[in-house]
Amino acid sequence: MKTTIRPAVPGDLPLIATLIRDLAKYEKLAHEVRFDEAVLGANLFGPQPHAEVVIGEVDGVAQGFALYFHNFSTFEGRPGIYLEDLYVRPEARGAGLGKALLAYLAKLAIDRDCARLQWSVLDWNAPSIGFYESLGAVPLDEWTVMRVDGEALRSLAGQA
């Protein structure tokens, strides 16, 4: 099996949308998918992209993706890459595609002089946690992810 990683292009938008929905089903979060494909496309491929995507292929067939963007470490004084989503279709797992996607992003981080590559993983996803740890990733157990969205976001913004 030959794995390849390539940057996504605008014509990949329907594929990206499908892979996002597949990931959401796997994570038992399909009910949370609300994106409009045109808005997603504008945010990925428009004049001011907010995120980037790479497509992972096995023997020329798209089988996964990674969606990422830059964050910034004030302590390091340098950017980092935040991996928002990584997904490999079940039939392609074990072919090395997940590792190839992460290695691509690690190289990209080095090439862009980033201090780190970081992501979150659901705490119930033991297979993924074990996989990430086998690559040298360490859990940041002392941190709690916080989020403000929906009405709480609008309310907080109204206080500005």
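Nothing here was measured: the structure is a model prediction, and the numbers come from that model.

Visitor: So, the overall build of the chain: which residues are in play, and what are the values?
Guide: Scanning the chain for helices and strands turns up five helices and five strands. Each helix and strand of the chain, placed in order from N terminus to C terminus, yields the pattern β-α-α-β-β-β-α-β-α-α. For 160 residues, the compact-globule formula gives about 15 Å, and the C-alpha radius of gyration of the chain, at 16 Å, lands near that figure. Expressed as lengths along the three principal axes of its C-alpha atoms, the size of the chain is roughly 55 × 35 × 35 Å. Taking all contacts inside the chain whose residues are at least 6 apart in sequence as the whole, residues at least 24 apart take part in 58%. For the chain, the exposed area adds up to about 10,200 Å²; of that, 57% sits on carbon and sulfur atoms. Between the averaged position of the 15 positive side-chain charges in the chain and that of its 21 negative side-chain charges there is a distance of 3 Å.

Visitor: I'd like to hear about the pattern of salt bridges, residue by residue, with values.
Guide: Charged atoms that come close allow side chains of opposite charge to pair. For the structure shown, the criterion picks out seven salt bridges. Taking the shortest distance from any N to any O, the salt bridge between K107 and D111 comes out at 2.9 Å. One end of the pair is K107 and the other is D111, both in helix α3 (residues 97-111) and four residues apart, which spans about a single turn. Taking relative accessible area as the criterion, D111 reaches 54% and is therefore assigned exposed. Through salt bridges that share partners, R6, D12 and E57 make up one connected network.

Visitor: Break down the nonpolar core for me, with residues and values.
Guide: By size, the foremost hydrophobic cluster in this structure holds 17 residues, and its most contacted members are A66, Y68, I81, L83, L86, L101 and L105. Within the residue set of this core, elements represented by two or more residues are β2 (52-58), β3 (61-73), β4 (78-88) and α3. Sort the elements by how many residues they give to this core and α3 lands first, with six residues. Once residues lying within four places of it in the same chain are set aside, the contact partners of L105 are A66, Y68, I81, L83 and L117. The next biggest cluster of nonpolar side chains, apart from the first, holds 16 residues, and it includes A8, L15, L40 and Y87.

Visitor: Could you give an account of the environment of A30, naming the residues involved and the relevant values?
Guide: Structurally, A30 can be placed in the loop between α1 (13-26) and α2 (37-45). Given the relative accessible area of 42%, A30 is considered partly exposed. Note: C-alpha distance between A30 and I20 (ten residues apart in sequence) is 9.3 Å. Ignoring anything within four residues of it in the chain, the contact list for A30 reads A24 and K25.

Visitor: Describe in detail the packing of α1 against α2, supporting the description with residues and values.
Guide: Relative to each other, α1 and α2 sit at 110°, their axes nearing to 10 Å. Put simply, α1 runs roughly perpendicular to α2. Between α1, through L13, P14, I16, A17, I20 and R21, and α2, the contact on the second element is made entirely by E37, L40, G41, L44 and F45. Counted by class, the contact of α1 with α2 contains eight nonpolar, one polar and two charged residues.

Visitor: Describe in detail the packing of aromatic side chains, supporting the description with residues and values.
Guide: Under the defined criterion, the tally for this structure stands at four aromatic pairs. Seen from their ring centres, Y26 and W124 are 6.2 Å apart, and the 50° between their planes marks the pair as tilted. In this pair, Y26 sits in helix α1 while W124 sits in the loop between β5 (117-119) and α4 (126-134), placing the two residues 98 residues apart along the sequence. For Y26, a relative accessible area of 31% translates into the label partly exposed. Three or more aromatic residues joined by ring pairs make a cluster, and in this case those are W119, F131 and Y132. Here the basic side chain of R93 rests over the ring of Y26, its NZ or CZ set 4.7 Å away from the ring centre.

Rules behind the numbers
All residue numbers here refer to positions counted from 1 along the written sequence of the relevant chain. Only residues with pLDDT of at least 70 get local features here, since the model is predicted, and only at 80 or more are side-chain atom pairs given and counted; chain-wide, interface and lining totals rely on the full set of residues. Hydrogens and waters are ignored; side-chain quantities use all the structure's heavy atoms. Secondary structure elements are defined from DSSP: runs of H or I of at least 4 residues count as helices, runs of E of at least 2 residues count as strands, and each element is numbered from the N terminus. Atoms counted for the radius of gyration: C-alpha only. Globule rule: 2.2 Å times residue count to the power 0.38. By definition, residues are in contact when any of their heavy atoms lie within 4.5 Å. For the accessible areas, the method is Shrake-Rupley and the probe is 1.4 Å, while residue cover comes only from the protein chains on display. The sign given to each residue is positive for Lys and Arg and negative for Asp and Glu; His and the chain ends receive no count. Just so you know, the charge point we use is NZ for Lys, CZ for Arg, CG for Asp and CD for Glu. Criterion for a salt bridge: a side-chain nitrogen of Lys or Arg within 4 Å of a carboxyl oxygen of Asp or Glu. In this scheme, a residue with accessible area under 20% of its type's maximum is buried, one over 50% is exposed, and one in between is partly exposed, where area comes from a 1.4 Å probe on protein chains only. Here, the term nonpolar core denotes a set of buried Ala, Val, Leu, Ile, Met, Phe, Trp, Tyr and Cys residues that are joined through side-chain atoms within 4.5 Å. Fitted lines through C-alpha atoms give the axes, limited to the stretch in contact for helices. The angle between two N-to-C directions lies from 0 to 180 degrees. Should an angle lie under 35 degrees it is considered roughly parallel, over 145 roughly antiparallel, and from 65 to 115 roughly perpendicular; all remaining angles are considered oblique. Just so you know the grouping, Ala, Val, Leu, Ile, Met, Phe, Trp, Tyr, Cys and Pro go in nonpolar, Asp, Glu, Lys and Arg go in charged, and all remaining residues, Gly too, go in polar. Pairing of aromatic rings covers Phe, Tyr and the six-membered ring of Trp, with a centre-to-centre limit of 6.5 Å; geometry is then stacked below 30 degrees between planes, edge-to-face above 60, and tilted otherwise. We count a charge as sitting over a ring when the NZ of a lysine or the CZ of an arginine lies within 6 Å of the ring centre and within 35 degrees of the ring normal.

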